[in-house]
Amino acid sequence: MSEQDQKVTIYDWIGGEETLRQIVEAFYPKVQLDPLLSPLFPEDILPIMEKQHLFLTQFLGGPSLYSDQYGHPMMRARHMPFPITPAHAAAWLSCMEQALVEVGLSAEMREVVIQRLSAPAYHFVNTHESN
Ligand code: HEM
């Protein structure tokens, strides 16, 4: 196979391990400041950051770090204990977009990453009640 035929993963395209670390570190402070999202998350956000780092790595095409440690992700089920409305999904994606800007991803890269994350974000919606 020539080099041109090889598919580059989103993970590699945006800068791999180092970029993923920066995204997660930029993202959670925004979540913690968001009035809709912050009440859902524990004060000690570090374990969630660690898991998100593992998950996003594999979700964007990198090594399967999350599954290696925690088994099948079952992400919708893992989000069921938390009431997630379409507004939460939009807020989550907005924090992510801001994080991607902050770490310096190009507009093209941001669009691809946000598009990849939009499907799960709206898939995790489990209620239309806002309380
Ligand atoms: C739609 C809006 C979303 C909301 C409101 C939300 C909220 C949460 C909350 C409250 C937790 C658990 C905190 C805890 O354990 O106490 C969590 C965990 C997590 N979320 Fe989300 N989330 C959303 C979307 C996403 C998306 C789009 C992804 C990735 C594609 C994602 C990946 C994760 C991961 C990997 C964990 C850790 C799971 C584990 O415990 O192993 N979330 N999320």
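Residues numbered from 1 in each chain as written. Predicted model: local features only at pLDDT ≥ 70, side-chain atom pairs only at ≥ 80, totals over all residues. Heavy atoms only, no water.

*Asks:* Requested: an account of the nonpolar core, with residues and values cited.
*Replies:* By size, the foremost hydrophobic cluster in this structure holds 37 residues, and its most contacted members are Ile14, Phe27, Met96 and Leu117. The element best represented in this core is helix 6 (residues 86–102), accounting for eight residues. If we skip the residues at most four places from it in the chain, Phe27 touches Trp92, Cys95, Met96 and Ala99. (Core = buried A, V, L, I, M, F, W, Y, C linked by side-chain atoms within 4.5 Å. Buried < 20%, exposed > 50% of the residue type's maximum accessible area, 1.4 Å probe, protein only. Helix = DSSP H or I, 4+ residues; strand = E, 2+ residues; numbered from the N terminus. Contact = heavy atoms within 4.5 Å.)

*Asks:* Talk me through the packing of helix 6 against helix 7 (residues 107–123); I want residue IDs and the actual numbers.
*Replies:* Viewed as axis vectors pointing N to C, helix 6 and helix 7 meet at an angle of 155°, and their least axial separation amounts to 10 Å. Between helix 6 and helix 7, the crossing angle belongs to the class labelled roughly antiparallel. Taken as a pair, helix 6 and helix 7 cross one another with a handedness that is right-handed. Across the interface between the two elements, Pro86, Ala89, Ala90, Trp92, Leu93, Met96, Glu97, Leu100 and Val101 of helix 6 pack against Arg110, Val113, Ile114, Leu117, Ser118, Ala121 and Tyr122 of helix 7. (Axes fitted to C-alpha atoms, helices over the stretch in contact; angles between N-to-C directions. Parallel < 35°, antiparallel > 145°, perpendicular 65-115°, else oblique. Left-handed = near helix turned anticlockwise from the far one by under 90°.)

*Asks:* I'd like a description of a nonpolar patch on the surface, backed by residues and values.
*Replies:* A cluster of nonpolar side chains, namely Val8, Trp13 and Val112, defines an oily patch on the protein surface of about 250 Å² accessible area. Mapped onto the elements of the fold, Val8 is located in the segment before helix 1 (10–14). Here Val8 falls in the exposed class, since its relative accessible area comes to 60%. (Patch = residues over 30% accessible without salt bridge, like charges linked within 9 Å, V, L, I, M, F, W, Y side chains within 5 Å. Areas by Shrake-Rupley, 256 points an atom, 1.4 Å probe, with all protein chains shown as cover. Salt bridge = Lys/Arg side-chain N within 4 Å of Asp/Glu carboxyl O.)

*Asks:* Outline the coordination of the iron atom of the ligand, listing residues and values.
*Replies:* Among protein atoms, the single one acting as a donor to the iron atom of the ligand is His79 (NE2), 2.0 Å away. By secondary structure assignment, the location of His79 is in helix 5 (residues 75–79). (Donors = N, O, S within 2.8 Å, 3.2 Å for Na, K, Ca; no water.)

*Asks:* An account of the packing of aromatic side chains is needed here, citing residue identities and associated values.
*Replies:* Throughout the structure, instances matching the rule amount to six aromatic pairs. Each ring, one from Phe27 and one from Trp92, has its centre 4.9 Å from the other, and the planes form 65°; the classification is edge-to-face. Residue Phe27 is located in helix 2 (residues 16–33), and its partner Trp92 is located in helix 6; the two are separated by 65 residues in the primary sequence. The exposure class of Phe27 is buried, given its relative accessible area of 1%. A ring pair is formed by Tyr66 and Tyr70, whose centres lie 5.0 Å apart and whose planes are at 40°; its orientation type is tilted. Within this pair, Tyr66 and its partner Tyr70 are both found in helix 4 (residues 65–70), separated by four residues, close to a single helical turn. Of the residues examined, Tyr70 reaches a relative accessible area of 32% and is grouped as partly exposed. Three or more aromatic residues link up through ring pairs in this structure, and these residues are Phe27, Tyr28, Phe41 and Trp92. (Phe/Tyr/Trp six-rings, centres within 6.5 Å; stacked < 30°, edge-to-face > 60°.)

*Asks:* Explain the site of the ligand to me, using residue names and the numbers behind them.
*Replies:* Close contacts around the ligand come from 21 residues, with Ile48, Lys51, Gln52, Tyr66 and His79 the closest. One nitrogen or oxygen atom from the side chain of Lys51 is found 3.1 Å from an oxygen atom belonging to the ligand. Sorting the residues of the shell around the ligand by element identifies helix 3 (46–59), helix 5, helix 6 and helix 7 as the ones contributing at least two each. Considering each element in turn, the shell around the ligand owes the most residues, four residues, to helix 3. The class makeup of the residues in the shell around the ligand is 16 nonpolar, three polar and two charged. (Near = heavy atom within 4 Å. Polar contact = N/O pair within 3.5 Å; in protein donor to acceptor, adjacent residues only side chain to side chain. Nonpolar A, V, L, I, M, F, W, Y, C, P; charged D, E, K, R; others polar.)

That is the geometry; function is a separate question.
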